[in-house]
Amino acid sequence: MISVSHLSKTYQNADGSSLTVLKDINCEIQRGEVISIIGPSGTGKSTFLRALNLLDPPTSGSILVDGEDILAKGYPVHKLRQKMGMVFQSFNLFEHMTVLENVMYAPVKILQESKEQAHEEALVLLKKVGLVEKADVYPSSLSGGQKQRVAIARALAMHPEAILFDEPTSALDPTMVGEVLSVIRQLAKSGLTMLIVTHEMRFARDVSTRIFFMNEGVIYEDGTPEQIFEHPVHSATKSFVQRIQKLVFKIESDDFDYLQIHTGINQFCLKYNLTVGEHAYSLIKEVLFTHMRTIRPLTLRMTHTELSGVTTVDFMVENLDHSPLTDAARASLRPQVKDLIEEPTKRGFRIKLII
Amino acid sequence: MRTKWIYLLFTACMLWSCGGNEEQTLVLNSEADLAGLRIATQSGSCYDVELSPRTDIELQRFNTLSDALQALLHGNADVLLNDETALNAYVCREQGIKPVLRGEKAYPTSFMFQKDDKVLPAAFNNTLARLKAEGTYDQIIDYWLKDRYIDADTFPFIPVPTEGQPIRVASVCATAPLSFASGNEWYGLEIDLLRQFANDLNRPLDIKFYDVTAAIMSLKTGKADLLSGGVFITPERQEEFSFGEPYYAFHSTYFALDPDSENSKSGLAARSKKAVHKNLLAENRWQFITDGLLLTLIISFFAILFGSLLGIVVYRMGESRLHWARSIAKIYNGFIAGIPELVLLLVLFYVVFAKSGLSAEVVAIIAFAMYFASSAADIYKTALDAVPHGQTEAGLALGFTRVQAFFHIVFPQAVKRGLPLYKGLCISTLKATSIVGYIAIQDLTRAGDLIRSRTFDALVPLLAVTVLYFLLVWLLAALFNLATKKKNVL
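Residues numbered from 1 in each chain as written. Chains lettered and ligands numbered in written order. Predicted model: local features only at pLDDT ≥ 70, side-chain atom pairs only at ≥ 80, totals over all residues.

1. Quick word on the domain arrangement of chain B
Residues and elements named next belong to chain B. To keep it simple, the criterion reads: Residue ranges for the domains originate in an automatic or database domain assignment. Note that contacts rest on C-beta atoms placed from the backbone: two residues are in contact if these are within 7 Å. A helix here means a DSSP run of H or I that spans at least four residues, while a strand means a run of E at least two residues long, and both kinds are numbered starting from the N terminus. Any residue outside Ala, Val, Leu, Ile, Met, Phe, Trp, Tyr, Cys, Pro, Asp, Glu, Lys and Arg is labelled polar, Gly included; the first ten of those are nonpolar and the last four are charged.
By the assigned domains, chain B splits into domain 1 (2–106 + 254–277), domain 2 (108–249) and domain 3 (287–484). Relative placement of domain 1 and domain 3: their C-alpha centres are 40 Å apart. If you look at the interface, domain 1 gives 13 residues, while domain 3 gives eight residues. Of all the secondary structure elements, the ones that give two or more residues to the side of domain 1 that touches domain 3 are α1 (2–17), α3 (65–73), α4 (89–95) and α10 (268–281). A breakdown of the residues in the side of domain 1 that touches domain 3 according to their chemical character gives eight nonpolar, five polar and no charged.

Shown next, in the form of structure tokens:
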């Protein structure tokens with residue numbers, strides 16, 4: 001249904017600098033697919049979605065919808081958008097209209113439906129999203145979750161073939177996320193083609209037929225929810241889906257700023273609610289100043305995997321083919337950690353402390 | 001019932017306005033006795049010039065004779081200096097004043113022409129000579145200066161040609177007996193002379209009532225052929241303009257309140273009833289007001305209409321991606337913000353469009369539209385910026401075109417936010433048009449002035465004009481409120 005190739009988007013800033021948000025996007029989307037687009041913030045997920053209905057026209061590349069090039073000059077964009085609804089993060093309900101009018105307005109004005117017919121359909125849709133009793137109120141009196149459900153009903157009223165969801169729950173209180181997701185879940189079962197930019201991983205996993213993992217302006221990995229969440233191929237995908245957090249220091253010589261390491265570890269632990277901060281710091285001090293005192297430069301990395309709750313401290317040395325630890329060192333460290341792993345890597349050797 | 005209330009209102013105002021009368025007769029034996037007195041006179045007049053060197057008096061300068069008279073009546077001035085004709089016995093009786101001293105000076109008076117105009121002054125001199133020879137001159141002087149006209153229902157009327165190039169007369173006087181308006185016509189001593197003059201030249205007359213400054217500018221810029229209204233011939237004026245032969249020499253006269261006048265004795269109710277009759281009903285003077293009202297409405301309506309449209313252009317230019325367009329909008333707004341409305345009006349009329357032949361009304365519409373546009377552009381921006389961009393995007397995403405999204409979704413919301421501001425702008429523009437009198441447009445305010453100069457009564461015409469402005473503003477506001485009433489969008 002939608003075929004995207006070599007799509008890119010560059011913003012020109014007023015000061016002459018430019019920012020490339022989408023680098024080279026390629027994908028095929030079939031009718032009836034429910035695709036969740038996940039990835040770190042600022043990697044172009046929303047921009048990609050908004051490029052598909054040309055709210056943010058791409059800089060280069062091509063988009064074919066049902067075989068037609070929608071970037072061609074003179075292509076009736078508004079016709080495309082009538083087939084491809086959109087739900088925004090900030091709802092964007094028409095504030096000067098009642099809920100019912102919000103839903104009826106486009107069908108009456110664009111599809112030339114009779115008011116009676118549009119009214120009837122709007123009520124059916126509002127019933128579907130559970131808001132039929134709010135039909136005659138103005139959006140300003142609705143909660144965020146209710147507004148988003150009206151916005152979904154409004155998009156559905158145009159009988160679209162596809163709907164683009166741009167972070168539909170990101171502006172909501174946590175208590176209201178559920179009501180909106182359950183409406184989208186229900187829609188996903190109806191066979192409507194859907195693209196959803198979301199940060200709700202469990203939802204993405206449950207509802208999607210396919211996941212795009214976007215990173216640094218490209219679709220980094222594309223697969224079924226099982227592939228992406230259970231067996232990610234790329235390390236970036238893995239660290240994202242497992243929510244692995246990292247803290248890295250490069251230690252070039254003995255003159256390194258160990259206070260900076262201390263502060264860094266404290267902030268890292270505070271951020272992810274870890275209690276192992278002081279323990280990690282004393283271990284790092286012991287390794288750096290006793291067991292691996294002669295080994296410079298090295299890279300120190302602290303990682304925390306939110307899904308499994310595992311915290312590790314790694315010491316990585318380049319161009320080294322054997323463990324720098326002595327038996328005495330091992331004997332000193334082992335009782336203080338859950339596990340001690342010594343392993344060669346592509347570029348050298350790694351000591352991994354699991355704490 | 002309603003008329004009773006109006007009389008009551010006037011009575012209350014009269015009561016208030018009569019507070020300052022003193023009950024003593026002022027006795028003056030010579031001009032030396034003026035020492036220490038407050039003297040009201042017309043600014044820029046010969047009396048002004050005559051008294052200016054004296055340091056032992058307090059000279060008060062007013063734009064019109066009626067303003068000066070009001071100062072005398074309300075006790076703000078002790079003496080009024082004017083010529084003997086305008087404040088004749090009838091006016092004195094009506095107003096409760098009397099002449100207390102005849103001045104030493106007499107001023108030869110004539111019409112004032114453009115400096116390099118040799119033809120019209122000479123032609124006027126011929127007319128004057130003819131009238132004197134025929135004896136018509138004596139009849140005219142006799143009729144207007146001996147107060148006989150006062151009780152007349154109709155005034156002598158000499159028809160003039162209606163076809164041809166009119167003689168454009170800028171009159172600075174709307175006061176009997178020199179020249180005054182009644183119904184749709186002008187009458188008076190000078191008017192009779194001018195009619196004779198027009199007949200001799202076989203040309204029509206076009207008489208407009210000007211503010212003094214505006215009249216002088218009109219004559220200088222060629223918008224008028226001659227200036228009338230009892231212009232004294234002085235050496236200073238002769239340097240700048242040319243004059244005809246003097247048709248009369250007016251004596252300066254000092255007036256003071258007359259404690260024995262009937263006026264100060266008659267009852268308040270009778271006086272207010274009389275004031276209403278005199279100012280609004282006699283000689284159908286209300287017609288000045290209705291005609292002025294119509295002009296005020298026409299000028300305001302078109303200024304608002306064209307101003308709103310021009311405002312769109314200014315707004316679009318201000319928002320343009322093109323640097324030069326933004327600059328023009330910025331300069332335009334700065335320019336308008338920095339110039340008083342009156343100055344712009346005068347500059348447009350006497351300088352920019354001086355040679356264009358555009359009527360004063362059209363120039364007024366242009367000036368106020370220019371003002372309106374600048375503020376309107378600001379209002380458009382405020383209102384449109386207040387509608388979040390998400391509203392447009394939501395409209396586009398549903399399949400509206402850009403134009404549809406604007407008119408269906410953004411515009412109704414912007415109107416809601418901008419209309420109160422727009423309403424305020426329309427109302428202040430309506431009120432601001434009250435300065436168009438400066439370019440000789442007889443609008444509502446000027447209509448009040450016209451009646452005032454004829455009747456020397458400040459209160460009733462001013463009150464009538466005030467009430468009408470108030471009603472206009474109220475109506476306009478009501479109209480807007482009607483427009484903002486909630487309507488179904490579908």
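2. Observations regarding the sheet that holds strand β11 (residues 244–251) of chain A
Strand pairing within a sheet occurs via backbone hydrogen bonds; the two strands may be parallel or antiparallel. Residues and elements named next belong to chain A. Stated precisely, the cut-off is as follows: Only when DSSP finds a minimum of two bridges between them are two strands counted as paired. Lines fitted to C-alpha atoms define the axes here, with helix axes fitted over just the stretch in contact, and angles between the N-to-C directions of these axes take values from 0 to 180 degrees.
Pairing within the open sheet is antiparallel, and its five strands lie in the order β11-β12-β13-β15-β14. Each edge of the open sheet carries a strand with a single partner, namely β11 and β14 (339–344). Neighbour-to-neighbour, the strand axes of this sheet turn through a mean angle of 15°, independent of strand direction. Where β11 lies against strand β12 (residues 298–305), eight bridges are found, and the strand directions are antiparallel. Counterpart to Ile251 in the pairing with β12 is Leu298. Its contacts with the sheet place helix α10 (residues 258–271) against β11 and β12, and it is angled at close to 180° to β11.

3. A short note on the packing of helix α3 (residues 99–109) of chain A against helix α4 (residues 115–128) of chain A
Residue and element names in this part refer to chain A. As a reminder of what qualifies: With respect to orientation, any angle under 35 degrees is reported as roughly parallel, any angle over 145 as roughly antiparallel, any angle of 65 to 115 as roughly perpendicular, and every other angle as oblique. If you view the pair so one helix is near and one far, a crossing is left-handed when the near helix is turned anticlockwise from the far one by less than a right angle, and right-handed when it is turned clockwise.
Across the interface, α3 lies against α4 with an axial gap of 9 Å and an inter-helix angle of 130°. With respect to α4, the element α3 is oriented oblique. Considering only the axes of α3 and α4, their crossing is right-handed. Contacts from Val99, Leu100, Val103, Met104, Pro107 and Val108 in α3 reach Lys115, Ala118, His119, Glu121, Ala122, Leu125 and Leu126 in α4. Tallied by class, residues from the contact of α3 with α4 come to 10 nonpolar, one polar and two charged.

4. Comments concerning the packing of helix α5 (residues 144–156) of chain A against helix α6 (residues 174–188) of chain A
All names here are of chain A. Viewed as axis vectors pointing N to C, α5 and α6 meet at an angle of 15°, and their least axial separation amounts to 8 Å. In this view, α5 runs roughly parallel relative to α6, as classed from their interaxial angle. The two elements α5 and α6 cross, and the hand of that crossing is right-handed. On α6, the residues that touch Gly144, Gly145, Gln148, Arg149 and Ile152 of α5 are Met176, Glu179, Val180 and Val183. The residue makeup of the contact of α5 with α6, split by class, is four nonpolar, three polar and two charged.

5. What about the environment of Tyr47(B)?
Position of Tyr47(B) among the secondary structure elements: in helix α2 (residues 46–51). Discounting residues that sit within four places of it in the chain, Tyr47(B) has contacts with Thr41(B), Gln42(B), Leu81(B), Asn82(B) and Ser252(B).

6. With respect to the interface of chain A and chain B
At the interface, 23 residues of chain A touch 17 residues of chain B. Broken down by secondary-structure element, the contributors of at least two residues to the side of chain A that touches chain B are α2 (77–83), β6 (84–87) and α3 of chain A. Among the residues forming the side of chain A that touches chain B, the class breakdown is 11 nonpolar, seven polar and five charged.

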